[in-house]
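Structure at a glance
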Amino acid sequence: MNIEIPPGLTELLQSFTVEVLRQRPPDLLGFAADYFTRRRDAREQEAAGGGRRVVSFDGEPMQTESNGEEESDRRDEDSDSDFEPPVIKRYNRRVSVISSLFVFQVCAEAFNPDEEEEDTEQRVVHPKTDEQRCRLQEACKDILLFKNLDQEQLSQVLDAMFERKVKPQEHVIDQGDDGDNFYVIERGLYDIIVAKDNQSRCVGRYDNHGSFGELALMYNTPRAATIVAVTEGALWGLDRVTFRRIILKNNAKKRKTYELFIESVPLLKSLEASERMKIVDVIGEKVYHDGERIISQGDKADCFYIVESGEVKILIKSKVSSNWVMIL
């Protein structure tokens, strides 16, 4: 199965990535909707006779295309009040970033999780001491790309990761290079530098935690930015083959499972297919053990739950006594 990359998609995704790195928005989906809405509006304004396009976030314009003039243009800021949050905003507290990223990955590169069901590549294993393993597990515990992996898959990923120590001013990756590894930060400060129009600009910094390098591996595109160590530091790398074999394939299968599951939920059957896909994009899985409380009466409602497997009890406190009454 071959999918041709549409003209302009690579540049569009890279410019969006740069803005995410600059702004570091807490609500990635809302930010994406705002960003692409502004890009569309700017294109329509230009088509209507404007001479240049400017995309503005948080009061700071980013020039995406110009006719040679350098004057500042902040007209797009006025459109902030016209932006309506996406309908799915109420689910954002349980967003699965991996699923959101996979939406773009499908568009950018052919990747069929049903092909090559059996792993033909030899597993990569970098031996580690117990002390190294502990440090690696601590560095990876909050990495969103690893959240949907089961224990066996996570163990394979940790086995394949290798330690890399860096010195100040060392380039970890360079913009324009082919993607070879995904990196998780154990310690150190790292600047994110983007070159445009023969000028380099620092658009952000990693401070002793985080990860980078997945975009080039997911989209099969050159590196979108240069990462330079500001201090001495330590990183853990994961090679391209293992990243795609385990993380991308697992994410693709998870998404397909969620799609089938959402289609079977009676409450959601009346939704259009595109609306169900929006739910798939933000759904997150959480496992509860026997007897564990999921929600409590009186808590603020910030999401809703769909039971994928197992049984739940629904209890409500009686108004006439202190007893709990089971209603389901």
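Residues numbered from 1 in each chain as written. Predicted model: local features only at pLDDT ≥ 70, side-chain atom pairs only at ≥ 80, totals over all residues. Heavy atoms only, no water.

1. Observations regarding the overall build of the chain
Each helix and strand counted, the chain has 8 helices and 12 strands in total. When the 328 residues of the chain are sorted by exposure, 38% land in the buried category. In the chain, of all internal contacts separated by at least 6 residues, the share reaching a separation of at least 24 is 67%. A total accessible area of about 20000 Å² is found for the chain, and carbon and sulfur atoms account for 50% of it. (Helix = DSSP H or I, 4+ residues; strand = E, 2+ residues; numbered from the N terminus. Buried < 20%, exposed > 50% of the residue type's maximum accessible area, 1.4 Å probe, protein only. Contact = heavy atoms within 4.5 Å. Areas by Shrake-Rupley, 256 points an atom, 1.4 Å probe, with all protein chains shown as cover.)

2. Considering the sheet that holds strand β7 (residues 199-207)
Strand order in the open sheet made by the 4 strands is β4-β9-β6-β7, with antiparallel pairing throughout. The outermost strands of the open sheet, each flanked by one partner alone, are β4 (171-173) and β7. Ignoring which end each strand starts from, the neighbouring axes of this sheet average 30° apart. Bridge analysis of strand β6 (residues 189-196) against strand β9 (residues 226-229) gives 4 bridges, and the strand direction is antiparallel. (Pairing = 2+ DSSP bridges. Axes fitted to C-alpha atoms, helices over the stretch in contact; angles between N-to-C directions.)

3. Describing the sheet that holds strand β5 (residues 181-187)
Pairing within the open sheet is antiparallel, and its 4 strands lie in the order β3-β10-β5-β8. Every other strand in the sheet has two partners, leaving β3 (162-166) and β8 (211-212) as the edge strands with one partner each. The strands that helix α7 (residues 240-263) touches are β5 and β10 (233-239); relative to β10, the one it contacts most, it runs at about 65°.

4. So, the pairing of β7
Inspection of the sheet shows β6 paired to β7 by 8 bridges, in the antiparallel sense. In the sheet register, L189 faces β7, and the bridge partner there is D207. Hairpin remark: β6 followed by β7, antiparallel, with 2 residues in the connecting loop; positive phi at D197, about 55°.

5. What about the pattern of salt bridges?
If you walk through the whole model with that rule in mind, you get 11 salt bridges. In this structure, the salt-bridge partner of D159 is R123, at a minimum N-O distance of 3.2 Å. Taken together, the positions of D159 in helix α5 (residues 151-160) and R123 in the loop between α3 (97-108) and α4 (130-140) put the pair 36 residues apart, joining distant regions of the chain. According to the relative accessible area criterion, D159 is buried, its value standing at 17%. According to the relative accessible area criterion, R123 is partly exposed, its value standing at 41%. (Salt bridge = Lys/Arg side-chain N within 4 Å of Asp/Glu carboxyl O.)

6. Description of the packing of α7 against helix α8 (residues 273-282)
Across the interface, α7 lies against α8 with an axial gap of 10 Å and an inter-helix angle of 130°. By the angle class used here, α7 and α8 are oblique. Between α7 and α8 the crossing geometry is right-handed. On α8, the residues that touch R255, Y258, E259, I262 and E263 of α7 are R276, M277, I279, V280 and D281. Of the residues assigned to the contact of α7 with α8, the class counts are 5 nonpolar, no polar and 5 charged. (Parallel < 35°, antiparallel > 145°, perpendicular 65-115°, else oblique. Left-handed = near helix turned anticlockwise from the far one by under 90°. Nonpolar A, V, L, I, M, F, W, Y, C, P; charged D, E, K, R; others polar.)

7. Here we look at unusual backbone geometry
For D197, which is not glycine, the phi dihedral falls at a positive 55°. Along the chain, D197 falls in the loop between β6 and β7. Its identity is not glycine, yet N208 carries a phi of approximately 65°, on the positive side. Mapped onto the elements, N208 comes out in the loop between β7 and β8.

8. Examining the side chain of R223
Relative to the assigned elements, R223 resides in the loop between α6 (214-219) and β9. At a separation of 3.1 Å, a polar atom in the side chain of R223 contacts the side chain of D180. (Polar contact = N/O pair within 3.5 Å; in protein donor to acceptor, adjacent residues only side chain to side chain.)

9. Describing α5
Listing the buried residues of α5 in full gives Q156, V157, L158, D159 and A160. As for α5, its buried residues are in contact with α4, β3, β10 and α7. Looking at where α5 begins, the residue whose side-chain oxygen comes 3.2 Å from the main-chain nitrogen of E152 is D150.

10. Here we look at the nonpolar core
Core analysis: the largest hydrophobic core is formed by 25 residues, its most contacted members being F146, M161, F182, V184 and F243. Among the secondary structure elements, those contributing two or more residues to this core are α1 (9-23), α4, α5, β5, α6, β10 and α7. Not counting residues up to four positions away in its chain, the partners in contact with V184 are A139, C140, I143, F146, M161, G210, S211, L235 and W236. Of all hydrophobic cores here, the second largest spans 17 residues; its members include L21, V166, Y183 and A225. (Core = buried A, V, L, I, M, F, W, Y, C linked by side-chain atoms within 4.5 Å.)

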